[in-house]
Amino acid sequence: MENFEFNNPTKIIFGHNAEDKTGAETAKYSKKILLHYGGGSAKKSGLLDRVQSSLKKAGVEWIELGGVKPNPRLSLVYEGIELCKKNNLGMILAVGGGSVIDSAKAIAMGAVIEGDVWDFYLGKGEPESALPVGTVLTIPAAGSESSTGTVITKEEGQLKRAVNSDLIYPGFSVLNPELSFTLPAFQVACGATDIMAHLMERYFTNVTHVSFTDRLIEATMKTVITMAPRVLENSTDYDSWSELMWAGTIAHNNLLTTGRIGDWASHDIEHEISGIYDVAHGAGLAVVFPAWMKYTFKHDLNRFVQWAVRVWNVDLDINNPEAVALEGIKRMENFFHSIGLGTKLSDLKITDDRIQEMAEKCTAGDTRTVGNFVKLNRKAVNDILTLTK
Ligand code: NZQ
Ligand code: ZN
């Protein structure tokens with residue numbers, strides 16, 4: 001096991017009517033905030049009204065900035081930064097999914113500097129401070145409600161890039177599983193796949209003696225595999241939503257990374273796909289992950305066999321470990337299909353061929369590798385993307 005420090009400071013407020021506590025929690029940070037949301041689902045469901053009345057009750061004033069798109073854009077981040085600076089706002093409250101939360105985190109970093117926040121996404125310098133962020137989560141998926149990450153797309157150049165910093169852990173996150181009842185089935189499937197991906201990125205590691213966190217990750221994967229079909233079957237199944245939502249947070253709040261080194265190549269590759277084609281992140285991962293696995297499984301066959309047997313209930317055959325591993329990958333693909341996602345680039349309605357361009361961008365022109373389990377150069381990324389055809 002690797003040395004580690006673990007300190008996730010996000011306060012989680014979970015359960016029925018949890019959003020009623022938003023105002024009181026926000027007031028602990030600031031009485032004048034930016035209220036950030038997406039394309040309309042929070043308005044339509046009445047959630048935004050409820051959040052606003054909770055803010056009012058707590059004496060918090062706000063300025064609104066809606067319109068965050070999935071794969072959130074840098075241009076709106078700049079608008080948010082302007083609003084914060086001009087009006088001296090002290091916090092960003094994100095009401096929505098990963099896209100709204102990531103946009104809020106970007107604004108939080110940009111509002112306290114003179115320079116360009118995009119530089120952080122290019123790896124030019126690191127944030128030294130940020131405004132606090134609070135969240136009201138509406139979809140179990142990205143895990144941004146309790147993560148160090150923010151992923152933003154710069155329209156010019158179709159560049160989707162991430163920043164990770166302890167400074168942008170949300171101060172609090174409100175998780176009421178009922179807020180997910182209105183999700184379209186496609187978004188549920190994308191969310192469940194993203195959660196699975198966060199678990200698999202952590203699971204496939206070269207670090208040894210991590211059997212405790214192996215088991216935690218396996219349990220979380222099995223929870224997602226059980227609960228996602230249940231909420232797709234019955235969109236008001238509060239108990240199953242509760243399990244899925246909490247699993248989604250735990251999958252990405254760094255508890256399951258403790259003592260391990262995760263891979264993250266599939267995420268880096270997927271960000272090239274959603275950067276160019278603006279597809280849902282989870283749908284992109286359902287395409288990339290099987291291809292990445294087919295490319296890498298021989299690197300540590302035992303780990304893949306363990307995963308296939310424990311997570312996908314494949315029968316152990318010590319004489320034919322490759323077949324066991326491949327059966328695990330097949331069952332994972334079947335799971336993605338069963339919840340309505342495809343596993344090929346063509347399923348994302350991508351018909352042109354920009355694989356070479358994506359491999360080039362992903363590896364910065366072959367000047368860096370991606371992934372840790374297996375380090376992938378431009379050719380390897382190209383080969384993996386070719387497997388998605
Ligand atoms: O914009 P609205 O109208 O709210 O609609 C959203 C959006 O169209 C809709 N939605 C969300 N909650 C809903 C709802 N519709 C009805 N009822 C509800 N309760 O769902 C759509 C997708 O929302 P989005 O926020 O984009 O989804 P998600 O949470 O999957 O976030 C995806 C983004 O997160 C990034 C991804 O790359 C992608 O840009 N990620 C962020 C991470 C992080 N910060 O740690 C890690 C992840 O790996 C990921 O990369
Ligand atoms: Zn993800």
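Predicted model, so just to flag it, every value in this text is computed and none were measured. (Residues numbered from 1 in each chain as written. Chains lettered and ligands numbered in written order. Predicted model: local features only at pLDDT ≥ 70, side-chain atom pairs only at ≥ 80, totals over all residues. Heavy atoms only, no water.)

**Details of the overall build of the protein chain**
Point 1. Of the regular secondary structure elements, the protein chain holds 15 helices and 8 strands.
Point 2. Relative to the compact-globule value of 21 Å for 389 residues, the protein chain shows a C-alpha radius of gyration of 20 Å, a close match.
Point 3. Taking the principal axes of its C-alpha atoms as reference, the protein chain extends roughly 70 × 45 × 45 Å.
Point 4. Here the protein chain, with 389 residues, has 57% of them falling under the buried criterion.
Point 5. Looking at the protein chain alone, contacts between residues at least 24 apart form 77% of all its contacts between residues at least 6 apart.
Point 6. For the protein chain, the separation between the mean place of its 39 positive charges and that of its 47 negative charges on side chains is 2 Å. (Helix = DSSP H or I, 4+ residues; strand = E, 2+ residues; numbered from the N terminus. Rg over C-alpha atoms; globule rule 2.2 N^0.38 Å. Buried < 20%, exposed > 50% of the residue type's maximum accessible area, 1.4 Å probe, protein only. Contact = heavy atoms within 4.5 Å. Lys, Arg positive; Asp, Glu negative; His and termini not counted. Charge placed at Lys NZ, Arg CZ, Asp CG, Glu CD.)

**Quick notes on the pattern of salt bridges**
Side-chain pairing between opposite charges can occur once the charged atoms of the two side chains come close.
Point 1. Overall, the coordinates contain 17 salt bridges when judged by the stated rule.
Point 2. Note that Arg260 and Asp214 form a salt bridge whose closest N and O atoms lie 2.8 Å from each other. Placement of Arg260 in the loop between helix H9 (238-252) and helix H10 (265-277) and of Asp214 in helix H8 (residues 211-233) is noted, with a sequence separation of 46 residues between them. Grouping residues by exposure puts Arg260 and Asp214 together as buried.
Point 3. Between Glu327 and Lys330 there is a salt bridge, with the nearest N and O atoms lying 4.0 Å from each other. Pair noted here: Glu327 and Lys330 are both in helix H13 (residues 321-338), with a separation of 3 residues, about one helical turn.
Point 4. Assessed through its relative accessible area of 45%, Lys330 is described here as partly exposed.
Point 5. What you see here is one network of salt bridges that share partners, running through Lys11, Glu25 and Lys28. (Salt bridge = Lys/Arg side-chain N within 4 Å of Asp/Glu carboxyl O.)

**Quick look at the domain arrangement of the protein chain**
Point 1. Per the domain assignment, the segments of the protein chain are domain 1 (11-179) and domain 2 (183-387).
Point 2. Computed from C-alpha coordinates alone, the two centres of domain 1 and domain 2 are separated by 26 Å.
Point 3. Note on domain 1 versus domain 2: buried area summed over both sides is about 2,300 Å², and carbon and sulfur give 57% of it.
Point 4. When the buried surface of domain 1 facing domain 2 is broken down by residue, Pro140, Gln158 and Pro177 rank first, second and third, together holding 26% of it.
Point 5. At the boundary of domain 1 with domain 2, the tally comes to 2 salt bridges.
Point 6. Asp278 is the partner of Arg73 in a salt bridge, and the nearest nitrogen-oxygen pair spans 3.0 Å.
Point 7. Taken together, the connections running from domain 1 to domain 2 amount to 13 residue pairs in polar contact (both at pLDDT 80 or more).
Point 8. When contributions to the side of domain 1 that touches domain 2 are tallied by element, the ones reaching two or more residues are strand E1 (11-14), strand E6 (149-154) and strand E7 (159-164).
Point 9. Sort the elements by how many residues they give to the side of domain 1 that touches domain 2 and E7 lands first, with 3 residues. (Domains from an automatic or database assignment. Buried area = accessible area lost by both parts, 1.4 Å probe. Polar contact = N/O pair within 3.5 Å; in protein donor to acceptor, adjacent residues only side chain to side chain.)

**Here's the deal with the site of ligand 1**
Point 1. Surrounding ligand 1, one finds 33 residues, the nearest of these being Ser41, Gly98, Ser99, Asp102 and His198.
Point 2. In this structure, an oxygen atom belonging to ligand 1 sits 3.2 Å away from a side-chain N or O atom of His281.
Point 3. The fraction of the free accessible surface of ligand 1 (960 Å²) that becomes covered by protein chains is 89%.
Point 4. Broken down by secondary-structure element, the contributors of at least two residues to the shell around ligand 1 are helix H5 (98-110), E6, helix H7 (185-203) and H10. (Near = heavy atom within 4 Å. Areas by Shrake-Rupley, 256 points an atom, 1.4 Å probe, with all protein chains shown as cover.)

**So, the coordination of the zinc ion (ligand 2)**
Point 1. Summarising the metal site, the zinc ion (ligand 2) is bound by the protein donors Asp194 (OD), His198 (NE2), His267 (NE2) and His281 (NE2), whose distances to it range over 2.0 to 2.2 Å.
Point 2. For the zinc ion (ligand 2), all donor residues lie on one chain, and their spacing in sequence is D-x3-H-x68-H-x13-H. Here Asp194, found in helix H7, pairs with His267, found in helix H10; they are 73 residues apart in sequence, far enough to count as distant. Just as Asp194 is buried, His267 falls in that class too. (Donors = N, O, S within 2.8 Å, 3.2 Å for Na, K, Ca; no water.)

**Concerning a nonpolar patch on the surface**
Point 1. On the surface, Met1, Phe4, Phe6 and Leu255 cluster together into a nonpolar patch covering about 380 Å² of accessible area.
Point 2. Examined against the element boundaries, Met1 turns out to sit in the segment before E1. (Patch = residues over 30% accessible without salt bridge, like charges linked within 9 Å, V, L, I, M, F, W, Y side chains within 5 Å.)

**Examining the environment of Glu272**
Point 1. Of note, Glu272 is situated in helix H10.
Point 2. Taking the relative accessible area as the measure of exposure, Glu272 reaches 3% and is therefore buried.
Point 3. Along the primary structure Glu272 and Cys362 are separated by 90 residues, whereas in three dimensions their C-alpha atoms are 6.6 Å apart.
Point 4. When neighbours within four sequence positions are excluded, Glu272 is seen to be in contact with Arg161, Met358, Lys361 and Cys362.

**Observations concerning the pairing of strand E8 (residues 172-175)**
Point 1. Covered by surrounding structure in E8 are Phe172 and Val174 together with Ser173 and Leu175, the residues of both alternating faces.
Point 2. Pairing of E1 with E8, which is carried by 4 bridges, proceeds in the parallel orientation. Bridging across to E8, Phe14 finds its partner in Leu175. (Pairing = 2+ DSSP bridges.)

**Here we look at the packing of aromatic side chains**
Point 1. Inspection of every chain in the model, using the stated rule, returns 17 aromatic pairs.
Point 2. A centroid spacing of 5.8 Å and a plane angle of 45° characterise the contact between Trp292 and Phe373, whose relative ring orientation is tilted. Highlighted residues: Trp292 in helix H11 (residues 281-296) and Phe373 in the loop between helix H14 (355-362) and helix H15 (378-387), separated in sequence by 81 residues.
Point 3. Overall, the relative accessible area of 1% leaves Trp292 in the buried class.
Point 4. Here the aromatic cluster, defined as three or more aromatic residues joined through ring pairs, consists of Tyr203, Phe204, Phe289, Trp292, Phe297, Phe304, Trp307, Trp312, Phe335, Phe336 and Phe373.
Point 5. In this structure, Arg303 is placed above the aromatic ring of Tyr203, and the distance from its NZ or CZ to the ring centre is 5.0 Å. (Phe/Tyr/Trp six-rings, centres within 6.5 Å; stacked < 30°, edge-to-face > 60°. Lys NZ or Arg CZ within 6 Å of the ring centre and 35° of its normal.)

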